[in-house]
Amino acid sequence: MKTIQLKVNENVDNSENYTQAVDYLNNGEVVAFPTETVYGLGAVATDEQAVQKIFAAKQRPSDNPLIVHIGTVEEVTLYTEGIPEVAKKCMDAFWPGPLTLILEAKPNLLAPSVTAGLTTVGVRMPNHAVALQLLQTIQKPIAAPSANRSGKPSPTKASHVYEDLAGSIPCILDGGMTGIGVESTVLDVTITPPVILRPGGVTKEMLEEVIGPVLEPNFEQQKIESTPKAPGMKYTHYAPNAPVYLIEPERALIERAINQLQQQQHKVALLAPVHFNDIEVDTYLSFGDANDIEQMSALLYDALRACDKTDATVILATTTSQQGVGRAVMNRLEKAAGGNWYK
Ligand code: TXA
Ligand code: MG
């Protein structure tokens, strides 16, 4: 299959490109498109055969449900029922935006693979001109996971999607680099108090200001059986080819680690903020300004992906602040490293 890339840009008339993308979707095909978080791989959420093409292209395990994207807030009532008051408050405050709400699904409406057999469904209204234009043109719900091959870091550029899925999907809408760079916050509002299943751009503090107490299990608590989890959380995620080790952002510690690893014949890639760019290492990858956590978030996946283009046999990644989106950045780093720290 040939994969076409269609450039879309807020400042020019791209209606022909949207028409083409919508035609693919209406014909039961998948289309990759940008959102404010990462690129998604979309299919019409009521079309089971189309949705199955997402799982095939990504090589995604079939027990991992997809997020349904909608173009207007009102559409949420078409596919879900018993929407709790806290969910309505969240929609008012954060939609469109990087917040996925887990709600009770109306039975027999969405393609069965979307919910992977669960009675609940994740819904979000993305805050990105291209995603909204696509959704509002097609006027159908679009199921879309991140547009990466399963296990790899999510795509923040059209070229990342192309690297992973060229030949397996017909069309990529190229809207440039995504803004936030990590996936949406997933909040389960079917339980009280609501639980953050995956941290993202909408933080615990932001949520609590609007709806009161919210639980956010940490990396260790997520390993406990009884902690509510997203089905996808048990799988390897965000992982470059070489193993990743977390390390505190301290110069002497980093230099010692690099020396030790190189003595063991390793080629080392260092993912660290710019003030460490003078450290001697096989490959240095910039993680941006340590005081700008939004910038670090936007750069994270591009840097992790860049590791695969080097001959690194081990990757050292410095930890970040946990403020704001930093919580989500550290969550992804912990997963990329499988919880491993350099010692
Ligand atoms: O920012 C995002 O959320 C991106 C963009 C494209 O919207 N999408 C995304 O989708 O990250 P995906 O499939 O890579 O991650 C969805 C996560 C998975 O961990 C999945 O298990 C969880 O949400 N999820 C989906 N439906 C669920 C449900 N009904 N209950 C619990 N977790 C659910
Ligand atoms: Mg994903």
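All residue numbers refer to positions counted from 1 along the written sequence of the respective chain. Each chain takes a letter, starting from A, and each ligand takes a number, starting from 1, following the order in which they are written. Side-chain atom pairs in this predicted model are given and counted only at pLDDT of 80 or more, local residue features only at pLDDT of at least 70, and totals for whole chains, interfaces and linings cover all residues. Heavy atoms from the whole structure form the basis of all side-chain values; hydrogens and water molecules are not counted.

A. Representation of the overall build of the protein chain. A count of helices and strands for the protein chain gives 11 helices and 15 strands. Here the globule rule reads 2.2 Å times residues to the power 0.38, and the radius of gyration is calculated from C-alpha atoms. Over its C-alpha atoms the protein chain spans a radius of gyration of 20 Å, differing by no more than 12% from the 20 Å that the globule rule assigns to 343 residues. With the C-alpha coordinates of the protein chain rotated into their principal frame, the extents come out at 60 × 45 × 35 Å. Burial here depends on accessible area, computed with a 1.4 Å probe over protein chains only, as a share of the maximum for the residue type. Under 20% is buried, over 50% is exposed, and the range in between is partly exposed. With 343 residues in all, the protein chain has 55% of them scored as buried. Here, two residues are considered to be in contact whenever any of their heavy atoms come within 4.5 Å of each other. Residue pairs in contact within the protein chain that sit at least 24 positions apart in sequence constitute 68% of those at least 6 positions apart. When the accessible surface of the protein chain is totalled, it reaches about 14600 Å², and 48% of it is carbon and sulfur. One finds the centroid of the 27 positive side-chain charges in the protein chain at a distance of 5 Å from the centroid of its 39 negative side-chain charges. Helix and strand assignments come from DSSP, with helices taken as H or I runs of at least 4 residues and strands as E runs of at least 2, each series counted from the N terminus. To measure how exposed things are, a 1.4 Å probe is used in the Shrake-Rupley method; for residues, cover is taken only from the protein chains shown. When charges are counted, neither His nor the chain ends are considered; positive counts come from Lys and Arg and negative counts from Asp and Glu. Charge placement uses NZ in Lys and CZ in Arg. For Asp and Glu, CG and CD serve respectively.

B. Spotlight on the domain arrangement of the protein chain. Domain limits in this description derive from either an automatic procedure or a database domain assignment. Partitioning the protein chain into domains gives domain 1 (4-222) and domain 2 (244-336). A straight line from the C-alpha centre of domain 1 to that of domain 2 covers 28 Å. Each partner contributes to the interface: domain 1 provides 27 residues, whereas domain 2 provides 17 residues. When residues of domain 1 are sorted by the area they lose upon contact with domain 2, Pro153, Val182 and Phe219 head the list and together hold 29% of the total. Salt bridges are identified by distance alone: a Lys or Arg side-chain nitrogen within 4 Å of an Asp or Glu carboxyl oxygen. A salt bridge links aspartate 164 to arginine 305, with the shortest nitrogen-to-oxygen separation between them at 2.9 Å. Between N or O atoms, a polar contact is any pair within 3.5 Å; within protein, one atom must be a potential hydrogen donor and the other a potential acceptor, and residues adjacent in sequence are included only when both atoms are from side chains. In this assembly, domain 1 and domain 2 are joined by 11 residue pairs in polar contact (both at pLDDT 80 or more). Residues of the side of domain 1 that touches domain 2, tallied by class, amount to 8 nonpolar, 12 polar and 7 charged. By convention, the term buried area covers the 1.4 Å-probe accessible surface removed from two parts as they join, with the contributions of both added. Ten residues, namely Ala, Val, Leu, Ile, Met, Phe, Trp, Tyr, Cys and Pro, are considered nonpolar, four, namely Asp, Glu, Lys and Arg, are considered charged, and the remaining ones, Gly among them, are considered polar.

C. Representation of the side chain of threonine 320 within the structure. The residue threonine 320 is located in the loop between strand S15 (314-318) and helix H11 (326-336) in this model. When sequence neighbours within four positions are dropped, the list of residues in contact with threonine 320 reads Phe287, Ile293, Met296, Gly326, Val329, Met330 and Leu333.

D. Layout of the packing of helix H1 (residues 15-26) against helix H6 (residues 129-138). For helices, the fitted axis covers only the stretch in contact; all axes are lines through C-alpha atoms, and the angles between them, taken along N-to-C directions, range from 0 to 180 degrees. Here H1 crosses H6 at 60 degrees, and the two axes come no closer than 10 Å. Judged by the inter-axis angle, H1 sits oblique to H6. H6 is crossed by H1, and the crossing has right-handed handedness. On H6, the residues that touch Tyr18, Ala21, Val22, Leu25 and Asn26 of H1 are Ala129, Val130, Gln133, Leu134, Thr137 and Ile138. Oblique is the label for every angle not falling under 35 degrees (roughly parallel), over 145 degrees (roughly antiparallel), or within 65 to 115 degrees (roughly perpendicular). By definition, turning the near helix anticlockwise from the far helix through less than a right angle yields a left-handed crossing, and turning it clockwise yields a right-handed one.

E. The arrangement of the sheet that holds strand S12 (residues 244-247) in detail. Strand pairing requires that DSSP identify at least two bridges connecting the strands. Taken together, 4 strands build an open sheet; the order of strands is S12-S15-S13-S14 and the sheet is parallel. Looking along the sheet, the strands with just one partner apiece sit at the ends: S12 and strand S14 (283-286). Adjacent strand axes in the sheet meet at a mean angle of 20 degrees, parallel and antiparallel pairs treated alike. Across the sheet, helix H10 (residues 293-307) is in contact with strand S13 (268-272), S14 and S15; its angle to S14 comes to roughly 160 degrees.

F. Structural view of the environment of proline 112. For proline 112, the location among the structural elements is in helix H5 (residues 112-115). On the accessibility criterion, proline 112 (56% relative accessible area) is exposed. Once the C-alpha coordinates of proline 112 and glutamine 133 are considered, the two residues, 21 residues apart in sequence, prove to be 26 Å apart. If near-sequence neighbours (up to four positions away) are discounted, proline 112 is found in contact with Glu48 and Gly117.

G. Inspection of the site of ligand 1 at higher detail. If you check the shell around ligand 1, you find 24 residues, and the closest are Thr37, Arg60, Asn64, His69 and Ser184. Here threonine 120 contributes a side-chain N or O atom positioned 3.1 Å from a nitrogen atom of ligand 1. Serine 184 is positioned such that a nitrogen or oxygen atom in its side chain is 2.5 Å from an oxygen atom of ligand 1. When ligand 1 is considered free in solution it has 680 Å² of accessible area, and contact with the protein chains removes 96% of it. Where the shell around ligand 1 is concerned, the elements lending two or more residues are strand S4 (67-69), strand S7 (120-124) and strand S11 (195-198). With 3 residues, the single largest contributor to the shell around ligand 1 is S7. Residue classes in the shell around ligand 1 are distributed as 12 nonpolar, 8 polar and 4 charged. For each residue, the test is whether any non-hydrogen atom lies within 4 Å of the molecule or strand; if one does, the residue is near.

H. Looking closely at the pattern of salt bridges. Under the definition given, this model contains 15 salt bridges. Between glutamate 208 and lysine 204 there is a salt bridge whose closest N-O contact spans 3.4 Å. Here glutamate 208 and its partner lysine 204 are both found in helix H8 (residues 204-211), 4 residues apart, which amounts to about one turn of the helix. Taking relative accessible area as the criterion, lysine 204 reaches 23% and is therefore assigned partly exposed. Look at the salt bridges and you will find they share partners, linking Glu163, Asp164, Arg305 and Lys309 into a network.

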